[in-house]
Amino acid sequence: MFSIRSVVATIVLQVAIVCLFSLPVSGHEGLHEQIIAVTKQIRKSPKDPALYLKRAELYRLHEEWKNAEADLVRAERLDRNLTAVDLGWGKLWLDAKQFSKAHTALEKYLLKQPNSFEGAITMARVLAKLKKTDTSINYFTKAIVLAPHDSAEIYLERTEVLATAGRIDEALSGLDEGIKKLGTLVTLQNAAIELEVRRRRYDLALERLDILAVAMPRKETFLLRRGEILLQAGRPCEARSSLIESQSGFDALPVPRKNVRAVRGQMVRIQALLNSESVRKCPLAGGRPQIPQSLSSTSR
């Protein structure tokens, strides 16, 4: 029987469920334990659709598609008016790579919840997989507007879709929109730098890199990247200067820091670039040409 109390209860339930869908999860850590805990709750309240939806989401995150599907079916049978079930189906089918099914479920959900952030961002991802770029971009843009908090990741996802479609200028424009709103974030500027390099607009890439480097107390990583870009631009002698400066910065690090795998990798990369033929032909600071290692070791 229809009542205000039942309507309010349904709304509260659906809000709680959508909040569950948006919770960040790191890998599969603790998911098995959470599934066991919710299963115990279900034994006590076997007619609570929210519990089945919660467990379905946990199963999805644990990549147990069949179990997630079974719980979504149970939740639907217990409450036919629970629109969040369609969001659950959309997320499940997206992860299971059944994109057409995901699209259908999300269409139903967004018809009832057009201003849902989770609905918009999930639909954007599904449409990207279906190669419907224009509509996907529209949903990513809508998700940016609806996002409960600013998120560089959404800008990066939108950029990836545009770049994959070869729409580099639009991708850069979208990144600059994010930079204007969120500030000079390393992730956004790095993405823009890579796109500038891809378009062979090396000077613009270097300008962006310089903007990043100014705010950083340690600059050796940026100097390494600068050297790489200069080499791609056909300016090996300028690249050499940047690489030597980067190498000096890494050499000045404390030993424990230099033993970090990522740092070791960068130091190896610098040495490899300095040993490249085009760089070794550059003159030294005193004006004398650099002697290739192969000659210096056999001279005299």
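Right, let's walk through the structure included here. (Residues numbered from 1 in each chain as written. Predicted model: local features only at pLDDT ≥ 70, side-chain atom pairs only at ≥ 80, totals over all residues. Heavy atoms only, no water.)

**A few points about the overall build of the protein**
(1) Moving on: If you tally the helices and strands in the protein, you get 18 helices and zero strands.
(2) Moving on: Partitioning the intrachain contacts of the protein with sequence separation of at least 6 by distance along the chain shows that 51% fall at a separation of at least 24.
(3) Moving on: Total accessible area on the protein is roughly 17300 Å²; 55% of this is exposed by carbon and sulfur atoms. (Helix = DSSP H or I, 4+ residues; strand = E, 2+ residues; numbered from the N terminus. Contact = heavy atoms within 4.5 Å. Areas by Shrake-Rupley, 256 points an atom, 1.4 Å probe, with all protein chains shown as cover.)

**Side note on the packing of helix 2 (residues 31–44) against helix 3 (residues 49–61)**
(1) Moving on: Axis separation between helix 2 and helix 3 bottoms out at 10 Å; the angle between their running directions is 160°. Comparing the axis directions of helix 2 and helix 3 gives the class roughly antiparallel. In terms of crossing hand, the pair formed by helix 2 and helix 3 is left-handed. Judged by residue contacts, Leu31, Gln34, Ile35, Val38, Thr39, Gln41 and Ile42 of helix 2 engage Leu51, Tyr52, Lys54, Arg55, Leu58, Tyr59 and Leu61 from helix 3.
(2) Moving on: Counted by class, the contact of helix 2 with helix 3 contains nine nonpolar, three polar and two charged residues. (Axes fitted to C-alpha atoms, helices over the stretch in contact; angles between N-to-C directions. Parallel < 35°, antiparallel > 145°, perpendicular 65-115°, else oblique. Left-handed = near helix turned anticlockwise from the far one by under 90°. Nonpolar A, V, L, I, M, F, W, Y, C, P; charged D, E, K, R; others polar.)

**Examining the state of the cysteines**
Simply put, the disulfide is a covalent bond whose two ends are the sulfur atoms of two cysteines.
(1) Moving on: Summed over all chains, the structure comprises one disulfide.
(2) Moving on: Each sulfur in the disulfide pair cysteine 237 and cysteine 282 lies 2.3 Å from the other. A torsion of -100° about the S-S bond marks the disulfide between cysteine 237 and cysteine 282 as left-handed. Placement of cysteine 237 in helix 14 (residues 236–251) and of cysteine 282 in the loop between helix 17 (277–280) and helix 18 (293–296) is noted, with a sequence separation of 45 residues between them.
(3) Moving on: Residue classification places cysteine 237 among the partly exposed positions, given a relative accessible area of 40%. (Disulfide = S-S within 2.5 Å. Buried < 20%, exposed > 50% of the residue type's maximum accessible area, 1.4 Å probe, protein only.)

**Digging into the environment of glutamate 194**
(1) Moving on: Relative to the elements of secondary structure, glutamate 194 occurs in helix 11 (residues 186–198).
(2) Moving on: Each C-alpha atom of the pair glutamate 194 and isoleucine 229 lies 9.6 Å from the other, and the pair is 35 residues apart in sequence.
(3) Moving on: Of note is the side chain of glutamate 194, whose polar atom sits 3.1 Å from the side chain of arginine 225. (Polar contact = N/O pair within 3.5 Å; in protein donor to acceptor, adjacent residues only side chain to side chain.)

**Remarks on unusual backbone geometry**
(1) Moving on: One non-glycine residue, glutamate 63, lies in the positive phi region at around 60°.
(2) Moving on: On the secondary structure map, glutamate 63 appears in the loop between helix 3 and helix 4 (65–78).
(3) Moving on: The backbone phi angle of lysine 131 is positive, close to 65°, even though this residue is not glycine.
(4) Moving on: Mapped onto the elements of the fold, lysine 131 is located in the loop between helix 7 (117–129) and helix 8 (133–146).
(5) Moving on: A residue is classified by how much of its surface remains accessible, and lysine 131, at 66% relative accessible area, is exposed.

**So, the packing of aromatic side chains**
One pair of aromatic rings is described through two measures. These are the centre distance and the angle between the planes.
(1) Moving on: Applying the stated criterion across every chain, the model contains one aromatic pair.
(2) Moving on: When the centroid spacing of 5.4 Å and the interplanar angle of 15° are considered together, the rings of tryptophan 89 and tryptophan 93 count as stacked. Taken together, the residues span about one helical turn, with tryptophan 89 and tryptophan 93 both in helix 5 (residues 84–95) at a distance of four residues.
(3) Moving on: Judged by its relative accessible area of 11%, tryptophan 93 falls in the buried class. (Phe/Tyr/Trp six-rings, centres within 6.5 Å; stacked < 30°, edge-to-face > 60°.)

**A word on helix 2**
(1) Moving on: Along its 14 residues, helix 2 runs 20 Å from first to last C-alpha, staying within 8% of the 20 Å computed at 1.5 Å per residue.
(2) Moving on: Buried residues of helix 2: Leu31, Ile35, Val38, Thr39 and Ile42, and no others. Taken end-on, helix 2 shows its buried residues confined to a sector of 110°, consistent with a single buried face. Counted as exposed and oriented over 90 degrees from the buried face of helix 2: Glu33, Lys40, Arg43 and Lys44.
(3) Moving on: In this structure, the buried side of helix 2 is in contact with helix 3. (Expected span 1.5 Å × (residues − 1). Arc of directions from axis to C-beta.)

**Looking at the packing of helix 13 (residues 220–232) against helix 16 (residues 261–274)**
(1) Moving on: Following both chains from N to C, one finds helix 13 and helix 16 inclined at 35°, their axes separated by 11 Å at the closest point. Here helix 13 runs over helix 16; the crossing is left-handed. For the pair formed by helix 13 and helix 16, the contact residues are Thr221, Leu224, Glu228 and Leu231 on the first element and Gln266, Arg269, Ile270 and Leu273 on the second.

**Observations regarding the side chain of threonine 159**
(1) Moving on: If you trace the backbone, threonine 159 turns up in helix 9 (residues 152–164).
(2) Moving on: A distance of 2.9 Å separates a polar side-chain atom of threonine 159 from the backbone oxygen of tyrosine 155.
(3) Moving on: Discounting chain neighbours no more than four positions away, the residues touching threonine 159 are Ala171, Leu175 and Leu195.

**Details of the nonpolar core**
The nonpolar side chains of a soluble globular protein tend to be buried with one another.
(1) Moving on: Grouped together as the largest cluster of nonpolar side chains are 30 residues, with contacts concentrated most on Leu53, Leu72, Val85, Trp89 and Leu92.
(2) Moving on: Looking at this core, the elements that each hand over two or more residues are helix 2, helix 3, helix 4, helix 5, helix 6 (99–112) and helix 7.
(3) Moving on: At seven residues, the largest contribution of residues to this core is made by helix 5.
(4) Moving on: Not counting the four nearest positions on each side in its chain, leucine 92 is found in contact with Arg60, Trp65, Ala68, Glu69 and Leu72.
(5) Moving on: By size, the runner-up hydrophobic cluster in this structure holds 23 residues, among which are Phe117, Ala152, Val161 and Leu188. (Core = buried A, V, L, I, M, F, W, Y, C linked by side-chain atoms within 4.5 Å.)

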